[in-house]
Amino acid sequence: MWRSKRFSPLVLVFLLTVTFVCHSHAEVSTSDPLWDWKYDAIERLSLAFGERTVSNTRPMSRLEMAEMVLRLSLRHGEPGRGGGYLKTLLNRLEYDLKEEIESINNKAIEEMKVKPLRWVRAKAVHSDDPFQLENDYGFQAGELSLRGELSTSGTFGFIGYELRPQFNIYRDNQNDDQADLHSGYLVIWLKNLEIEVGKDSLWWGPGRHGSWLLTSNAPAFELIKLSNAVTTVPPGPLKFLGDTKLTVFLGRLSEQMIVYEDKGATVTEDKKPLFAGFRLDFSPSRYIEFGGAQTVEFIDRGGRGYSLDYISQVLIPSYGSNEGEAASGPVANRITSADLTIKIDGQHDFMKFIGLDGMKVYWEVGGETVTRDMTTKLPRFANTSNIFGLYLDTGKTDFRAEYASTYDAPAKWYEHYQFTEGDRNKGFILGHHMGGHSRDLFFSISHPLTDNMVTTLRFDREEHKDGPIFREDAYGLFIDAFSRRGSKITISYEYRDGDNPESINQVWAAEGVYRF
């Protein structure tokens, strides 16, 4: 029952979202999964061609991708290096998104359009010892692990839907076979306001190997999401933000045990906590992108419902409410992050001088949101941790280095004294896969052997303060073969070695995506 007239921050965020409703589009659009190659391709081309974009909030609708591709196509010429490979990427994007591009050019609402099969994906993995594959929606590697999934979608005017059923088959003694709805949603566009209801995954932050709040590491979760459908420049006094993406959601995670004090008694509940979040991502110039976000899982204390005052304390804790949360106030677990990306595009004289078609340097700082500072009266971070990244592109070869650490944080990340599974969905961490009291050093270098075949070398070192393995190194080789229409086959091999001789593990994988 809503018992308070106190202004909720959630209302403010919603009003800001409505403020961005200033464009209309021919029809609604669905999005592609977070593993789709187009996200990185558009980000890479935008950097090389000097096109301003917001790229650290995913997923992105196919219509917005198409608008980006049209803007990139209007750029005359191409960077003087790379042998035309960036143009190959652009052509591949134009073919994959040709229906959305035609819709933008025609500026007309089409009749009902249903695709019984948009794409199918199959993946097979063999490893000597079972382990979780990072950033693959909770998929487990084992003696033989098989995954199959497909997409069916449709649109009619301002309403669209997509369903992605999947099955996982495990030939080992540790995991059960599964068949479920991996993700699926109904999406409505009211001018530039997008409303999504269903089950989906989000990736927030500039890191591509991991981010603090939300990644594709865990299975998709149920949500209601509001955002501006297409990145836009807000009107009026907020125009200085530049290209802006604002996202707000309210969701629900899988059931877990929650233990808290209430009126002097210990309460233990097996419950599905609510899960809320917001992210503001904006780019005031082509050289810089800022982001800020918070997620919070929470329940009502003692089953007494959610008043506006209670929700306000859940989202933005006061000193008094946070200090008393062990026995009163919200039962809540919050994580907040802020990120900065500096971009130097391929059109810049400095890039031309050093022989690059683009460079990015990025940083994300995150921590638990706790009491307001008594001096500033603002919320502050605890258990602060950082992700640092560098991306370089020569036009053909691209290189990424990323370092993340929760190793020295006083408390263990993604754990909580009231929520026994912490920030997890179905047992899998929602944020960075390495977990708490850990650090991760990641390198990746990719180079096209031909226009349609790309090879990637990866190195990943994880170190854990807790657990049986202190250090684990992974050396990987990945080969991607593309067709003209964006279908892809990937073959990979990884050698994993740690400080324990028994931790040696070899992983073979094959994956195919076919687009109709």
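Remember, it's a predicted structure, so these values are computed and weren't measured experimentally.

Participant: Just to check I follow, could you spell out helix 6 (residues 308-315) for this structure?
Facilitator: What sets the pattern is the α-helix's 3.6 residues per turn: residues three or four places apart point alike. Counting buried positions along helix 6 yields 6 of 8 residues, so the element is predominantly enclosed. Tyr310, Ile311, Ser312, Gln313, Val314 and Leu315 are the residues of helix 6 that are buried.

Participant: Sorry, what's going on with empty space enclosed by the protein here?
Facilitator: Counting across every chain of the model gives 9 cavities of 30 Å³ or more. Together, 20 residues line the second largest cavity, and Pro59, Ser61, Glu194, Glu196 and Lys225 are the ones closest to its centre. Only strand 1 (57-58), strand 7 (178-190), strand 8 (193-200), strand 10 (221-228) and strand 11 (243-252) provide two or more residues apiece to the lining of the second largest cavity. Across the lining of the second largest cavity, the residue classes break down as 7 nonpolar, 7 polar and 6 charged.

Participant: Explain the nonpolar core to me, please; I cannot follow it from the model alone.
Facilitator: Considering soluble globular proteins, one finds that nonpolar side chains tend to be buried as a cluster. Counting 30 residues, the largest nonpolar core has Leu45, Leu93 and Trp189 as its most contacted members. Of all elements in the fold, only helix 2 (37-49), helix 3 (62-73), helix 4 (85-96), helix 5 (98-106) and strand 7 reach the threshold of two or more residues within this core. The element contributing the most residues to this core is helix 2, with 7 residues. If you look at the next biggest cluster of nonpolar residues, it comprises 22 residues, including Trp212, Ala218, Leu223 and Ile335.

Participant: Sorry if this is basic, but what is going on with the environment of Arg62 here?
Facilitator: Considering the arrangement of structural elements, one finds Arg62 in helix 3. On the basis of relative accessibility, which here comes to 7%, the residue Arg62 falls in the buried class. On a C-alpha basis, the gap between Arg62 and Glu100 in space is 7.0 Å, while along the polypeptide they are 38 residues apart. When sequence neighbours within four positions are dropped, the list of residues in contact with Arg62 reads Ser29, Thr30, Ser31, Asp32, Lys38, Asp96, Leu97, Glu100, Arg118 and Arg515. At 2.9 Å, the side chain of Arg62 forms a polar contact with the side chain of Glu100.

Participant: I'm lost on unusual backbone geometry in this one. Help?
Facilitator: Peptide bonds are trans in most cases, and residues, glycine excluded, mostly fall at negative phi. Of note, the bond from Arg58 into Pro59 is cis; its omega dihedral lies within 30 degrees of zero at 15°. Along the chain, the position of Pro59 falls in the loop between strand 1 and helix 3. A positive phi angle, close to 55°, is found at Asn135, a residue other than glycine. By the element assignment, Asn135 lies in the loop between strand 3 (131-132) and strand 4 (140-141). Backbone geometry places Tyr414, a non-glycine residue, at a positive phi of 65°. Mapping Tyr414 onto the fold places it in the loop between strand 19 (398-405) and strand 20 (424-425).

Participant: Help me out: how do you make sense of the packing of helix 3 against helix 4 in this one?
Facilitator: Pairs of packed helices are described in terms of their axes, by the angle between the two and the distance that separates them. One way to put it is that helix 3 packs onto helix 4 with a least axis distance of 10 Å and a crossing angle of 140°. Classified by the interaxial angle, the pair formed by helix 3 and helix 4 is oblique. For the element pair helix 3 and helix 4, the recorded crossing hand is left-handed. In this structure, helix 3 uses Arg62, Val69, Leu72 and Ser73 to contact helix 4, whose residues at the interface are Leu90, Leu93, Glu94 and Asp96. Of the residues assigned to the contact of helix 3 with helix 4, the class counts are 4 nonpolar, 1 polar and 3 charged.

Participant: When you look at the layout of surface pockets in this model, what are you seeing that I'm missing?
Facilitator: A probe as big as a water molecule, rolled over the atoms, marks out the empty space that is left. Of the voids in this model, the largest pocket is the one considered here, and its volume is about 850 Å³. Forming the boundary of the largest pocket are 32 residues, of which His433, Met434, Glu462, His464 and Glu472 lie nearest the centre. Elements that contribute at least two residues to the lining of the largest pocket include exactly strand 3, strand 21 (428-429), strand 23 (453-464) and strand 24 (471-482). Per-element accounting of the lining of the largest pocket gives the leading share, 3 residues, to strand 23. When the residues that make up the lining of the largest pocket are grouped by side-chain class, the tally is 9 nonpolar, 12 polar and 11 charged.

Participant: Explanation requested: the pattern of salt bridges in the structure shown.
Facilitator: Between side chains of opposite charge, a pair can form as their charged atoms come close. Tallied over the full model, the rule gives 46 salt bridges. A salt bridge links Lys271 to Asp300; its shortest N-O distance comes to 2.9 Å. Residue Lys271 is found in strand 13 (residues 265-271), and its partner Asp300 is found in the loop between strand 15 (288-299) and helix 6; the two are separated by 29 residues along the sequence. For Asp300, a relative accessible area of 8% gives the class buried. The partner of Glu494 in a salt bridge is Arg496, and the shortest N-O contact between them spans 3.3 Å. Arg496 shares its class with Glu494; the two are buried. Each of Asp32, Asp36, Lys38, Arg62, Asp96, Glu100, Arg118, Glu162, Arg164 and Arg515 takes part in salt bridges that share partners, so that together they form one network.

Participant: What is the right way to read a nonpolar patch on the surface from this model?
Facilitator: Among the surface-exposed residues, Ile445, Leu449, Met453, Leu457, Leu477 and Ile479 lie close enough to one another that they form a single nonpolar patch of about 480 Å² accessible area. A relative accessible area of 32% means that Met453 is categorised as partly exposed.

Participant: Any chance you could explain the confidence of the model for the protein chain here in plain terms?
Facilitator: Regions with low pLDDT should not have their predicted coordinates read in detail. Residues at a pLDDT of 70 or more form 87% of the protein chain, whose mean pLDDT is 87. Considering only residues more than four positions removed or in separate chains, one finds that residues 1-8, a stretch of pLDDT under 50, has 19 contacts. Counting contacts from residues 78-82, a segment whose pLDDT is below 50, to residues more than four positions away or on other chains yields 16 contacts.

Participant: Help me understand the side chain of Arg424 in this model?
Facilitator: Structurally, the position occupied by Arg424 is in strand 20. Among the polar contacts made by the side chain of Arg424, one reaches the main-chain carbonyl oxygen of Tyr414 at a distance of 2.9 Å. For Arg424, the side chain forms a polar contact with the main-chain oxygen of Glu421, separated by 2.9 Å. Contacts of Arg424, omitting those with residues within four sequence positions, involve Leu253, Gln256, Tyr414, Glu415, Ile429 and Leu430.

Participant: In this structure, what is going on with the side chain of Thr336? I would like to understand it.
Facilitator: Structurally, the position occupied by Thr336 is in strand 16 (residues 331-345). Reaching out from Thr336, the side chain makes a polar contact with the side chain of Gln294 at a distance of 3.1 Å.

Procedures and definitions
- Residues numbered from 1 in each chain as written.
- Predicted model: local features only at pLDDT ≥ 70, side-chain atom pairs only at ≥ 80, totals over all residues.
- Heavy atoms only, no water.
- Buried < 20%, exposed > 50% of the residue type's maximum accessible area, 1.4 Å probe, protein only.
- Helix = DSSP H or I, 4+ residues; strand = E, 2+ residues; numbered from the N terminus.
- 1 Å grid on protein atoms, 1.4 Å probe; cavity = no way out; pocket = protein on both sides within 12 Å on 5 of 7 lines; lining within 4 Å.
- Points joined across faces, edges and corners; volume = space filled by probe spheres on them.
- Nonpolar A, V, L, I, M, F, W, Y, C, P; charged D, E, K, R; others polar.
- Core = buried A, V, L, I, M, F, W, Y, C linked by side-chain atoms within 4.5 Å.
- Contact = heavy atoms within 4.5 Å.
- Polar contact = N/O pair within 3.5 Å; in protein donor to acceptor, adjacent residues only side chain to side chain.
- Axes fitted to C-alpha atoms, helices over the stretch in contact; angles between N-to-C directions.
- Parallel < 35°, antiparallel > 145°, perpendicular 65-115°, else oblique.
- Left-handed = near helix turned anticlockwise from the far one by under 90°.
- Salt bridge = Lys/Arg side-chain N within 4 Å of Asp/Glu carboxyl O.
- Patch = residues over 30% accessible without salt bridge, like charges linked within 9 Å, V, L, I, M, F, W, Y side chains within 5 Å.
- Areas by Shrake-Rupley, 256 points an atom, 1.4 Å probe, with all protein chains shown as cover.
- pLDDT = per-residue confidence, 0-100.

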